[in-house]
Amino acid sequence: MLRFLSSFALVWIILLMVAQATSPYVMAASSRWSMVVTLLGLPVLGALTGGAVVTRLRCPRALHPCVDATPHLVLSGLAAGLASAALTGGVVLVTSDGVGQLLAVAGGSAVAAGGAAWLLPRVRPGACVHCGYELVDLARCPECGRLSVDVERSSI
Ligand SMILES: [Zn+2]
């Protein structure tokens, strides 16, 4: 989850840097921390919530503790970050309510991160947690060569 959230946050860090470079009057020292919270803290908190809910509901293979799926998680996190920025930007453009904009940032991030996590292949009982190959009482996966993990006993 950390790799997913790190790449998700990278998109919002870049947006924060762009906001600072293009609108220095908005990013005055007095409002800098509120912008950091709005453009980094809320999206990451929303993504953490959305990702955690989907992980509980669907158990994505890439988020299983025995699986090293760094490229998938980084790409999914970047896609979720871009999607959340697009969702949030769209809502923020049509509403002028400050609370509504904050909810849009958090909600858009939760939806985008949850959607990206939902698209990851899920852990299935009786299948290899690394590649998804159907295992029938095999100690080693014939597809990827890794030892099988008892999905029922391992935690996600
Ligand atoms: Zn396998």
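These numbers come from a predicted model, not from an experiment. (Residues numbered from 1 in each chain as written. Predicted model: local features only at pLDDT ≥ 70, side-chain atom pairs only at ≥ 80, totals over all residues.)

1. Observations regarding the overall build of the protein
Logical step 1: Check the secondary structure of the protein and you find 4 helices and 0 strands.
Logical step 2: Ordered by position from N to C terminus, the α and β elements of the protein give α-α-α-α.
Logical step 3: Whereas a compact globule of 156 residues would reach a radius of gyration of roughly 15 Å, the protein reaches 19 Å, over 25% beyond that.
Logical step 4: Each of the three principal axes of the protein carries a C-alpha extent, and together these read 65 × 25 × 20 Å. (Helix = DSSP H or I, 4+ residues; strand = E, 2+ residues; numbered from the N terminus. Rg over C-alpha atoms; globule rule 2.2 N^0.38 Å.)

2. Brief notes about the nonpolar core
Logical step 1: Counting residues in each nonpolar core, the largest one holds 22 residues, and the members touching the most others are Phe8, Ala47, Ala80, Ala113, Ala116 and Ala117.
Logical step 2: Listed by contribution, the elements that provide at least two residues to this core are helix 1 (2-22), helix 2 (29-58), helix 3 (70-94) and helix 4 (98-119).
Logical step 3: Among the elements that make up this core, the one with the highest residue count is helix 4 (8 residues).
Logical step 4: Val123, Cys128, Val129 and Leu135 belong to the second largest nonpolar core, which has 5 residues in total. (Core = buried A, V, L, I, M, F, W, Y, C linked by C-beta atoms within 7 Å. Buried ≥ 20, exposed ≤ 12 C-beta atoms within 10 Å, placed from the backbone.)

3. Quick word on helix 4
Logical step 1: Between its terminal C-alpha atoms helix 4 stretches 32 Å, which fits the 32 Å expected from 22 residues at 1.5 Å a residue.
Logical step 2: When helix 4 is considered as a whole, its buried residues turn out to be Ala104, Val105, Ala106, Gly108, Ser109, Ala110, Ala112, Ala113, Gly114, Ala116 and Ala117. (Expected span 1.5 Å × (residues − 1).)

4. Section: the domain arrangement of the protein
Logical step 1: Along its sequence, the protein is carved into domain 1 (2-119) and domain 2 (124-156).
Logical step 2: Domain 1 and domain 2 are separated by 32 Å when their C-alpha centres are compared.
Logical step 3: By residue class, the composition of the side of domain 1 that touches domain 2 is 5 nonpolar, 2 polar and 1 charged. (Domains from an automatic or database assignment. Nonpolar A, V, L, I, M, F, W, Y, C, P; charged D, E, K, R; others polar.)

5. Quick notes on helix 1
Logical step 1: Over its 21 residues, helix 1 extends 30 Å from the first C-alpha to the last, a length consistent with the 30 Å expected when each residue adds 1.5 Å.
Logical step 2: Residues of helix 1 that are buried: Phe4, Phe8, Val11 and Trp12. Buried residues of helix 1, seen end-on, are gathered within an arc of 80° and therefore sit on one face of the element. In this structure, helix 1 carries Leu2, Ile14, Met17 and Ala21 as exposed residues pointing more than 90 degrees from its buried face. (Arc of directions from axis to C-beta.)

6. Topic: unusual backbone geometry
Logical step 1: If you check the backbone angles, Cys59 has positive phi at about 55° while not being a glycine.
Logical step 2: Mapped onto the secondary structure, Cys59 falls in the loop between helix 2 and helix 3.
Logical step 3: Of the residues examined, Cys59 has 16 C-beta atoms within 10 Å and is grouped as partly exposed.

7. Describing the environment of Phe4
Logical step 1: Of note, Phe4 is situated in helix 1.
Logical step 2: Taking C-alpha positions, Phe4 is 24 Å from Ser148, a pair spaced 144 residues apart along the chain.
Logical step 3: Discounting chain neighbours no more than four positions away, the residues touching Phe4 are Gly51, Leu73, Ser76 and Gly77. (Contact = placed C-beta atoms within 7 Å.)

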